[in-house]
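What the coordinates show
Okay, here's what each chain looks like letter by letter:
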Amino acid sequence: MSNLELDAEALYRTLAGQVKAAVAGVEKLALVGIYSGGAWLAERLAAELQLDGRLGFIDVSFYRDDYAEKGLPAAVKPTQIGFDVDGATILLVDDVLYTGRTTRAAVNELFDYGRPARVMLAALVDRGGRELPIAADFVAAIVKLEPAESLLLQRADNGGFTLSIKHA
C-alpha cells in the first residue's frame, strides 16, 4: 500500500470536527493522549477546546500485555494526569488504532488514577486488525495495511502533522 496518500492535517481537522461536535457542553471533560502521537493530537485538541488544566498523557509501556516480549522501550515517558479522574468524562486520544492492546493498557492505567464517569476513544486512523473488542468513538479514516506495514505520525517544529507508511 505504499501508494496510499494520507493527509494528516486534513485527517486531524476531520477528527477535531467530530470531537468538537460531540463534546460540546460535556461537564468535567478531560483529554488524555497516549504517547507519542496521541499526546500530540491531544495537545492540539485541548488547545482548540480550551481545556486548561484538563489535559493528561499516558505511557502504556508498563501496562501492555506484551511487555515481557517487547521489553522496555528506550523512550519511556512519565504518565502525567494532573486532574481529578473521578467522575470525569475522559477522551483518550491515539494516533493509530490497530489491535486494541494499547487502548486496553491505557484504560487499565487510567483507572489507577480514579473512576471516570465515561471513557471515549478518538483515533486519527483505524487500520483494522483488532485482537480485542475495542472501537473508537471518533475516527478520521479507516485504512487497510499489510501486517508488515505501520503508520507513523510525525510532528513538525511548527506543530503540523505528517503521516507515512513504514515497512518492516
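Attention in this report is confined to the structure presented alongside it. (Residues numbered from 1 in each chain as written. Predicted model: local features only at pLDDT ≥ 70, side-chain atom pairs only at ≥ 80, totals over all residues. Heavy atoms only, no water.)

**A word on the overall build of the protein**
Of regular secondary structure, the protein possesses four helices and seven strands. Going residue by residue from the N terminus, the α and β elements of the protein occur as α-β-α-β-α-β-α-β-β-β-β. The long-range share in the protein, meaning contacts at least 24 apart out of those at least 6 apart in sequence, stands at 68%. Total accessible area computed for the protein in this model is approximately 8,600 Å², and 50% of it derives from carbon and sulfur atoms. (Helix = DSSP H or I, 4+ residues; strand = E, 2+ residues; numbered from the N terminus. Contact = heavy atoms within 4.5 Å. Areas by Shrake-Rupley, 256 points an atom, 1.4 Å probe, with all protein chains shown as cover.)

**As for the sheet that holds strand 2 (residues 55–58)**
Spatial strand order, 2-1-3-4-5: five strands in an open sheet with parallel pairing. Here the strands that pair on one side only, and so sit at the sheet edges, are strand 2 and strand 5 (138–142). Across the sheet, the mean angle from the axis of one strand to that of its neighbour is 25°, orientation sign disregarded. Where strand 1 (residues 29–34) lies against strand 2, four bridges are found, and the strand directions are parallel. (Pairing = 2+ DSSP bridges. Axes fitted to C-alpha atoms, helices over the stretch in contact; angles between N-to-C directions.)

**Digging into the pattern of salt bridges**
A complete count under the given rule lists five salt bridges for this structure. Two residues, Arg44 and Glu9, come together in a salt bridge whose shortest N-O distance is 2.6 Å. With Arg44 in helix 2 (residues 37–49) and Glu9 in helix 1 (residues 8–23), this pair connects stretches of sequence that are 35 residues apart. Classification of Arg44 as partly exposed rests on a relative accessible area of 23%. (Salt bridge = Lys/Arg side-chain N within 4 Å of Asp/Glu carboxyl O. Buried < 20%, exposed > 50% of the residue type's maximum accessible area, 1.4 Å probe, protein only.)

**Things to note about the pairing of strand 3 (residues 89–97)**
Here strand 3 lies mainly inside the structure; nine of its nine residues are buried. Relative to strand 3, strand 1 runs parallel, the two being bridged by five bridges. When the sheet's bridge partners are listed, Leu29 is paired in strand 3 with Thr89. Traced from strand 3 through helix 4 (residues 101–111) to strand 4 (residues 118–126), the parallel crossover comes out right-handed. (Right-handed = clockwise from strand over helix to strand, strands pointing away.)

**Quick word on the packing of aromatic side chains**
According to the stated counting rule, one finds two aromatic pairs in the structure shown. On the basis of an interplanar angle of 55° and a centroid distance of 5.8 Å, the ring pair of Tyr12 and Phe161 is categorised as tilted. With Tyr12 in helix 1 and Phe161 in strand 7 (residues 161–167), this pair connects stretches of sequence that are 149 residues apart. Take Tyr12: its relative accessible area is 1%, and that puts it in the buried class. The side chain of Arg44 reaches across the aromatic face of Tyr12, ending 4.2 Å from its centre. One cation-aromatic arrangement involves Arg127 over Tyr98; the distance from NZ or CZ to the ring centre is 3.8 Å. (Phe/Tyr/Trp six-rings, centres within 6.5 Å; stacked < 30°, edge-to-face > 60°. Lys NZ or Arg CZ within 6 Å of the ring centre and 35° of its normal.)

What is shown is where atoms sit, not what they do.
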